[in-house]
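# Residue-level structural notes
Single-letter residue listing:
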Amino acid sequence: MHVVIMGCGRVGSSLAKALERRDHSVAMIDVDANAFRRLGSEFRGITIKGVGFDRDVLVQAGIREADGFAAVSSGDNSNILAARVVREQYGLQNVIARIYDQGRAEVYERLGIRTVATVKWAANQVLRGLLPEGSEPVWRDPGGNVRLVQVKTHEDWIGRKVHAMQAAAGTPLPFLLRFGQGLVPSQATILQDGDLVYAAVETESLSQVEAILGAPPARR
């Protein structure tokens, strides 16, 4: 897999190193050649000084053969412009742009450009740590109809099957975090103390699901 990255800051350089560790090829674009120092001496990919919406720069980076493009510079406008050029001029669908403005991110999501709204994501991560009830989504679709949330579960659910919890909530519980490791529950999986439960839920049903799992199981 060949990936072109625009922006050799902390995010871009970390992304490039992670891709190379997985044996993918990387081309890095940045307007400041000094930024490439973040890649370290072991970086095997291509470095190109320029902007990611310049067609000559993109071609030099191998965009015609690329399997993915990430625009993660510090500028929203540059990231979106580059993402649109890559999608519209080169037909590459696997494109992601980092956006600081959440409102603009939602607009571009609806246009088919996947975005990572950095400030909103960071705020939500902190908020979920402070308020583990799951009111802020881990993920939601661009239309806001479906979301993945971490839900707080009542202690009386401990020792019960996750399948039973899912039936009670009326929505999928696709995975748990147990001791920091992801776990896809089977029919036999039992909830343990300390497990973090994630629910895939329609937005309009979120309060109901949280109320069910946040209360003791109904007695039969």
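This paragraph deals with the overall build of the protein chain. Helix and strand content of the protein chain: seven helices and eleven strands. Burial analysis of the protein chain (220 residues in total) assigns 40% to the buried set. In the protein chain, of all internal contacts separated by at least 6 residues, the share reaching a separation of at least 24 is 51%. With the model as given, the accessible surface of the protein chain reaches about 12300 Å², and the carbon-plus-sulfur share is 51%.

This part covers the nonpolar core. Val4, Ile29, Leu58, Ile63, Phe69, Val86 and Leu92 are the most contacted members of the largest nonpolar core, which has 21 residues in total. Within the residue set of this core, elements represented by two or more residues are strand 1 (2–6), strand 2 (25–30), helix 2 (55–60), strand 4 (68–71), helix 3 (76–90) and strand 5 (95–99). No other element matches the five residues that helix 3 contributes to this core. Ignoring any residue separated from it by four or fewer positions in sequence, one finds Val86 in contact with Leu58, Ile63, Phe69, Gly91, Leu92 and Val95. By size, the runner-up hydrophobic cluster in this structure holds 15 residues, among which are Trp157, Ala169, Leu191 and Val201.

This paragraph deals with the pairing of strand 2. Two faces make up the sheet, and in a regular strand the side chains alternate between them. Burial analysis of strand 2 places five of its six residues in the buried class, which makes it a mostly covered element. As paired elements, strand 1 and strand 2 share five bridges and run parallel to each other. If you follow His2 over to strand 2, its bridge partner there is Ser25. In this fold, the crossover linking strand 1 to strand 2 by way of helix 1 (residues 10–21) has right-handed handedness. Judged from the four bridges that link them, strand 2 and strand 3 (residues 46–49) form a sheet pairing that is parallel. Across the sheet, Met28 pairs through a bridge with Thr47, a residue of strand 3.

Rules used in this analysis
Residues numbered from 1 in each chain as written. Predicted model: local features only at pLDDT ≥ 70, side-chain atom pairs only at ≥ 80, totals over all residues. Heavy atoms only, no water. Helix = DSSP H or I, 4+ residues; strand = E, 2+ residues; numbered from the N terminus. Buried < 20%, exposed > 50% of the residue type's maximum accessible area, 1.4 Å probe, protein only. Contact = heavy atoms within 4.5 Å. Areas by Shrake-Rupley, 256 points an atom, 1.4 Å probe, with all protein chains shown as cover. Core = buried A, V, L, I, M, F, W, Y, C linked by side-chain atoms within 4.5 Å. Pairing = 2+ DSSP bridges. Right-handed = clockwise from strand over helix to strand, strands pointing away.

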